[in-house]
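Residues per chain, in single letters:
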Amino acid sequence: MSFSTEVKNELAQTISSACCYKAEAFGMLIFGRAFSLTEISLMTELGSIAERYCACIRDLTGVTPTVKRSDAGNYKISIPNKADRIKILDFFGYTGKELALRINLANLEQTNNDCCSKAFLRGAFLVCGSITDPEKDYHIEFSVPKLKLCNDLMQIIGDMGLKAKKIIRNNSYVIYSKEAESIEDFIGTMGANNAFMQIMQ
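Nothing here was measured: the structure is a model prediction, and the numbers come from that model.

*Asks:* Is there a simple way to explain the environment of Pro134 in this structure?
*Replies:* Here Pro134 lies in the loop between β5 (129-131) and β6 (140-144). On the basis of relative accessible area, Pro134 is assigned to the buried category, the value being 15%. Taking the C-alpha atoms as reference points, Pro134 and Leu37, separated by 97 residues in sequence, lie 40 Å from one another. Ignoring any residue separated from it by four or fewer positions in sequence, one finds Pro134 in contact with Phe3 and Ile199.

Pasting the structure below:
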C-alpha cells in the first residue's frame, strides 16, 4: 500500500461535525470527476473514498448514488437521475447553469479555527490529491482541471497559511508543494494525525 493510499484511507475515516461534514462533502463533489447539471460523478481506486463520497451525498441530500466497479477494480460513482442532480446542486447553492464552476464559500462556515476550510481541503485531497512517500521524496499536489476552480482553491490554501505553488501539466492545473515543513502543515491541517507523526519522525 502506497503512502498516499494510507493517508487517504486515514482521512476517509475522519469523524466530522455537521458543518465540517458538509464542507468535506462539497470538496469531494466539486473536485470530483464532474459536478454539473449533466453529470455528477467520481472515479476512484479506493473503496474507502467511494464509501465516504456516497455516504456524504446520501446523508446530506437523501440521494443514493449509483456505484459500478470496472474490470480493473476502480469505482465509478454517478447520479443518473437529473432530478437528483438538481437536488444535490441546489443543496450546495448551484443551479447547474453557472458559466464557470467556482467554489461557493457559503458551504464553508467561517469559524475561528477554520474547521470547515480544513474539512473542505480534506475532501478535495481525497478526490484530486496525492502525496509521495516522505522516505523517498517530499511532494504533495492537487490536480484540478479548471483554472478558476484552481485559483479559488489556491486562495483558500493561502488564507489558511499554507504554502503552495501552481503549474500547468497535461491540460490540468496542479497546486503543489515540495517543502517538508509545508507538507507537514498540509497533512496536519487535513487531519491525518498518524501520517503527520510518521512524517515528523
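There's plenty left to go through after this.
*Asks:* Would you mind going over the pattern of salt bridges with me for this structure?
*Replies:* Oppositely charged side chains may form a pair once their charged atoms are brought near each other. Applying the stated criterion across every chain, the model contains four salt bridges. The salt bridge partner of Arg52 is Glu24, with a shortest N-O separation of 2.7 Å. Placement of Arg52 in helix α3 (residues 47-61) and of Glu24 in helix α2 (residues 18-30) is noted, with a sequence separation of 28 residues between them. For Asp152, the salt bridge goes to Arg102, with nearest N and O atoms at 2.8 Å. Of this pair, Asp152 sits in helix α6 (residues 147-159) while Arg102 is found in the loop between α4 (82-91) and α5 (115-128), placing the two residues 50 residues apart along the sequence. The class for Arg102 is partly exposed, based on a relative accessible area of 40%. One continuous salt-bridge network, built from bridges that share partners, spans Glu24, Arg52 and Arg122.

*Asks:* I tried to follow α4 on my own but got confused; where do I start?
*Replies:* The α-helix advances 3.6 residues per turn, and as a result positions three or four apart in sequence lie on the same side. Turning to α4, its buried residues number three or more, namely Arg85, Ile88 and Leu89. Along the axis of α4, the buried residues cluster in a sector spanning 100°; they form a single face. Seen from the open side of α4, the exposed residues pointing more than 90 degrees away from its buried face are Ala83 and Asp90. Its buried side turned inward, α4 meets α2, β1 (34-35), β2 (40-44) and α3. The N-cap of α4, judged by a side-chain oxygen 2.9 Å from the amide nitrogen of Ala83 a few residues on, is Asn81. Phi turns positive one or two residues past the end of α4, at Gly93, with a value near 85°.

*Asks:* Could you clarify how one ought to interpret unusual backbone geometry in this entry?
*Replies:* Most peptide bonds take the trans form, and the phi angle of most residues other than glycine is negative. A positive phi angle, near 50°, is found at Asn170, a position not held by glycine. Within the secondary structure, Asn170 is located in the loop between β7 (165-169) and β8 (172-177).

Here is what the cut-offs are and how they apply
Residues numbered from 1 in each chain as written. Predicted model: local features only at pLDDT ≥ 70, side-chain atom pairs only at ≥ 80, totals over all residues. Heavy atoms only, no water. Helix = DSSP H or I, 4+ residues; strand = E, 2+ residues; numbered from the N terminus. Buried < 20%, exposed > 50% of the residue type's maximum accessible area, 1.4 Å probe, protein only. Contact = heavy atoms within 4.5 Å. Salt bridge = Lys/Arg side-chain N within 4 Å of Asp/Glu carboxyl O. Arc of directions from axis to C-beta. Polar contact = N/O pair within 3.5 Å; in protein donor to acceptor, adjacent residues only side chain to side chain.

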